[in-house]
Amino acid sequence: MWSSVALWWRGIFARRGKKKPKMDVPLRCPRRCGHITFTDGENLYVWGGHCKEGNGPIDPPTDELWVYHNKFDCWSVQKCSGDLPRGTSGGCCGVLFPYMYLFCGHCDGEGHSSTVRRLDLRDFVWHTVQVKGPVISPRDKAASWVYKDKLYCFGGYGPDPRLTGLFEHGQGDYAHEEWEYIGWNNQLVIFDPSTNEWSSQKYTNPHTVPSPRAAHAAVLMGDQVFLFGGRHMECRMNDLHCLDLPSLTWQGQIRTNGPEPEGRSWHTLSRLDDDRIFLYGGFSQNEDVFDDAWLYSVSGQRWTEVVSHTGWCRGWHTAVVTNSRDVLIFGGFTMNILSPYIGYEDISDQIVKFQFQPSRLKDLCMQVVYGEVGLESWDQLPKELQQWLHAKRRLSPPSPSSSPSRALTPNVVLGLTTLLGQGDG
């Protein structure tokens, strides 16, 4: 099974090659790392993050929500308005329709944040949420998920949470840097959008709780959350933990069978199905950027390496899984982000796609038709295929210098019509 996964992986990465003239370059989300992403099941949405240019950082515009249309393999951008957030990296997000919630992160001109904001996905207007009662300590690089209409957040890096009103004895530990009062926590906090209140969970058995950490990854699997890796002080870890959500009880470190991924931070975990978790990339203890991919079986408690070296090193990237089980990875740094020599070109603007089931033949054919066949021939196709082609053209108009000119032959029209009649193909 693993060899078939690797086979589908080959050749499905984002475009790579010589740069084209500017007029030939389609609309594309600018380079970034530490951004947030979410999906509606088909498309990938990107906001915020961090990049570098020259000797200083730059933050993408906060009034832009970028959309990658997976079916059409192209980008569009949605302008936002309202109470716009500051530039944010290392933030958390969660979607409870019609809102996308943004909280925590490191904000331009503000530092570590605990502010909660939400974006209305119907009119793309930002609002600041007025939190009632005590608020959590500012933090970034935490892990978050949505469960039963609440937003959960674990760990992170920032000021001591014990100094806030939302912390009591038994609600976690804290480890700070030697030279300043800032560091890592293992606090589990929950935000309830129905009341706009935070709560903090007290641990009944501290020995089963993951150590304080940041830049870890977590993934929701039914009524459980699996958490892997992250940085604790000077150590980048490879421990795996499970949180039972109905009881809010940590199960202790999972003892896995067989080989394990190396310790890392700034990686991603993605749910493929009820039993499989996909791990990609990250930043090593030796400050190298990983380009490996692993699958974890929940039932077998076993890691399996899918690809040891993809050639696409990524850290502080994001990943979502579509309804067609495509894992879409976007952005991230490609070399040591702590190096003084990292620059603009070392931050990615590419989509890396892993497919765990074959593409539909119809979709592959339509991409070829769009790129090779002239607009004047599209009316020969069935109406459904015409609608697909015109929808992609609206999202990604071809430049004049790259307009296709080939005509459809009767045999091609017949083949596409037959293919459409066969369903998914």
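Treat the numbers as computed from the prediction; the structure is a model and nothing was measured.

1. Remarks on helix α2 (residues 361–372)
Here comes step 1: Across its 12 residues, α2 extends 17 Å between first and last C-alpha, which sits within 8% of the 16 Å expected from 1.5 Å per residue.
Here comes step 2: What α2 keeps buried is the set Lys362, Met366, Val369 and Tyr370. For α2, the arc enclosing every buried residue in end-on projection is 95°, short of the 170-degree limit, so these residues lie on one face.

2. Section: the packing of aromatic side chains
Here comes step 1: Tallied over the full model, the rule gives 26 aromatic pairs.
Here comes step 2: A centroid spacing of 6.2 Å and a plane angle of 70° characterise the contact between Tyr99 and Tyr101, whose relative ring orientation is edge-to-face. Across the pair, exposure class does not vary: Tyr99 and Tyr101 are buried alike.
Here comes step 3: Taking 5.4 Å as the distance between ring centres and 75° as the angle between the ring planes, the aromatic pair formed by Phe278 and Phe356 counts as edge-to-face. Of this pair, Phe278 sits in strand β26 (residues 276–284) while Phe356 sits in the loop between β31 (351–355) and α2, and the two are 78 residues apart along the sequence.
Here comes step 4: Grouped by ring-pair contacts, the aromatic residues Tyr99, Tyr101, Phe103, Phe191 and Trp198 constitute a single cluster.
Here comes step 5: The ring of Tyr99 has Arg118 sitting right over it, with the charged end atom 3.9 Å from the ring centre.
Here comes step 6: A cation sits over an aromatic face here: Arg264 above Phe290, 3.9 Å from the ring centre.

3. A word on the side chain of Lys392
Here comes step 1: Relative to the assigned elements, Lys392 resides in helix α3 (residues 383–395).
Here comes step 2: Despite its burial, Lys392 pairs with no opposite charge; the closest candidate is Asp73, at 5.2 Å N-O.
Here comes step 3: Once residues lying within four places of it in the same chain are set aside, the contact partners of Lys392 are Phe72, Asp73, Gln367 and Tyr370.

Analysis parameters
- Residues numbered from 1 in each chain as written.
- Predicted model: local features only at pLDDT ≥ 70, side-chain atom pairs only at ≥ 80, totals over all residues.
- Heavy atoms only, no water.
- Helix = DSSP H or I, 4+ residues; strand = E, 2+ residues; numbered from the N terminus.
- Expected span 1.5 Å × (residues − 1).
- Buried < 20%, exposed > 50% of the residue type's maximum accessible area, 1.4 Å probe, protein only.
- Arc of directions from axis to C-beta.
- Phe/Tyr/Trp six-rings, centres within 6.5 Å; stacked < 30°, edge-to-face > 60°.
- Lys NZ or Arg CZ within 6 Å of the ring centre and 35° of its normal.
- Lys, Arg positive; Asp, Glu negative; His and termini not counted.
- Salt bridge = Lys/Arg side-chain N within 4 Å of Asp/Glu carboxyl O.
- Contact = heavy atoms within 4.5 Å.

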